[in-house]
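# Structure at a glance
Chain residues, written in single-letter form:
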Amino acid sequence: MVYLLPIFAVLASFCFVFITKPKSQKNIKLLLAFSGAFLLALTFFELLPEVYQSSKPKTVALFILAGILLQILLESFSKGAEHGHFHMNIKKNNFPIVLLLSLSLHALIEGLPISEENNIIYGILIHKVPVSIILSIFLLNSNLKIVFAVLFVILFALMTPLGSLLALETTILSSYYIELTALAIGVFLHISTVVLFESSQGHAFNLQKLIVIAFGFGLAYFL
């Protein structure tokens, strides 16, 4: 059941935007900062000890670095959508297939390290909510037909559980669980740090942001 929670998080976020039509993104940016801090802390507390205890340090490090490079590559196609930034225009009724593929691969990788032995699912969930809200605002305010926007969100919502299913049920992927988890760690490290840095306006001191980041770190520690 826990593996289906990302689907609910994405679809609930889309419904929230469709019904309320939020105008301001100030609180969403704070939620982004919290989600980045929470995901970063869970990565350190949960995933890094697991992979470094189970494999050679240099092998793990190579896959983590590969994950960072992969996420940078994906962002060249998604224009930063994974951390709540959309810098693209959708032509009328043109389905954004490149955006969907890049976000889907990112979401698929997110699902790989999810297991009953760790709490990373909660970091992924909290990361998905603000990103899905901003994605939904972007899609609903674009030239895209509503049916295409709904199809986009549904396909995106399915990717993280699909990643978890593939990692657990396929022999090839399950035998490389540590390496794939290290790859996901690289993705998480890049995403969470970019979210934390970009949530500052002009790099000015922001007490609210500092509080939500500290709360994200603390919650992950006591989880």
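Below, the structure is looked at part by part. Quick caveat: nothing in here was measured; it's all calculated off a predicted structure.

### Brief notes about the overall build of the chain
Across its full length, the chain holds nine helices and zero strands. Going residue by residue from the N terminus, the α and β elements of the chain occur as α-α-α-α-α-α-α-α-α. A globule of 223 residues ought to have a C-alpha radius of gyration of about 17 Å, and the chain, at 17 Å, matches this closely. Along the longest, intermediate and shortest principal axes, the C-alpha atoms of the chain span 50 × 45 × 30 Å.

### Comments concerning the nonpolar core
Val-60, Ile-64, Ile-120, Ile-185, Phe-188, Val-212 and Ile-213 are the most contacted members of the largest nonpolar core, which has 45 residues in total. Sort the elements by how many residues they give to this core and helix α2 (residues 26-54) lands first, with 14 residues. Look past the residues within four positions of Phe-188 in its chain and what remains in contact with it is Leu-39, Thr-43, Leu-47, Glu-110, Pro-113, Ile-120 and Ile-124. One finds Ile-7, Leu-139, Leu-144 and Ala-157 within the second-largest nonpolar core, a separate group that totals 18 residues.

### Re the environment of Tyr-122
You can see Tyr-122 is positioned in helix α5 (residues 120-140). The class for Tyr-122 is partly exposed, based on a relative accessible area of 35%. The sequence separation of Tyr-122 and Phe-38 amounts to 84 residues, and the corresponding C-alpha distance is 8.8 Å.

### Considering the pattern of salt bridges
With the rule as written, the count across this model stands at one salt bridge. Glu-110 is the salt-bridge partner of Lys-128, the closest N and O atoms lying 3.2 Å from each other. One end of the pair, Lys-128, is in helix α5; the other, Glu-110, is in helix α4 (residues 97-111), and 18 residues separate them in sequence. For the pair formed by Lys-128 and Glu-110, the shared burial category is buried.

### Overview of unusual backbone geometry
Within the chain, Lys-21 stands out as a residue other than glycine whose phi angle is a positive 50 degrees. Mapped onto the fold, Lys-21 is located in the loop between α1 (5-20) and α2.

### Some thoughts on the packing of aromatic side chains
Enumeration over the complete set of coordinates arrives at five aromatic pairs. For the pair Phe-34 and Phe-215, a centre-to-centre distance of 5.6 Å together with 25 degrees between the ring planes defines the contact as stacked. Taken together, the residues span a long stretch of sequence, with Phe-34 in helix α2 and Phe-215 in helix α9 (residues 207-222) at a distance of 181 residues. Accessibility expressed as a relative area gives 11% for Phe-34, which makes it buried.

### Overview of α5
With 21 residues, α5 should reach 30 Å at 1.5 Å per residue; the first-to-last C-alpha distance of 30 Å fits that figure. Across the 21 residues that make up α5, a large majority, 17, are buried.

### As for the packing of α1 against α5
At their nearest, the axes of α1 and α5 sit 8 Å apart, and the two run at 35 degrees to each other. In terms of crossing hand, the pair formed by α1 and α5 is right-handed. Taking contact as the criterion, the partners of Leu-5, Pro-6, Ala-9, Val-10, Ser-13, Phe-14, Phe-16, Val-17 and Phe-18 in α1 are, on α5, Ile-121, Leu-125, Lys-128, Val-129, Ser-132, Ile-133, Ser-136, Ile-137 and Leu-140. Across the contact of α1 with α5, the residue classes tally to 14 nonpolar, three polar and one charged.

The rules behind the values
Residues numbered from 1 in each chain as written. Predicted model: local features only at pLDDT ≥ 70, side-chain atom pairs only at ≥ 80, totals over all residues. Heavy atoms only, no water. Helix = DSSP H or I, 4+ residues; strand = E, 2+ residues; numbered from the N terminus. Rg over C-alpha atoms; globule rule 2.2 N^0.38 Å. Core = buried A, V, L, I, M, F, W, Y, C linked by side-chain atoms within 4.5 Å. Buried < 20%, exposed > 50% of the residue type's maximum accessible area, 1.4 Å probe, protein only. Contact = heavy atoms within 4.5 Å. Salt bridge = Lys/Arg side-chain N within 4 Å of Asp/Glu carboxyl O. Phe/Tyr/Trp six-rings, centres within 6.5 Å; stacked < 30°, edge-to-face > 60°. Expected span 1.5 Å × (residues − 1). Axes fitted to C-alpha atoms, helices over the stretch in contact; angles between N-to-C directions. Left-handed = near helix turned anticlockwise from the far one by under 90°. Nonpolar A, V, L, I, M, F, W, Y, C, P; charged D, E, K, R; others polar.

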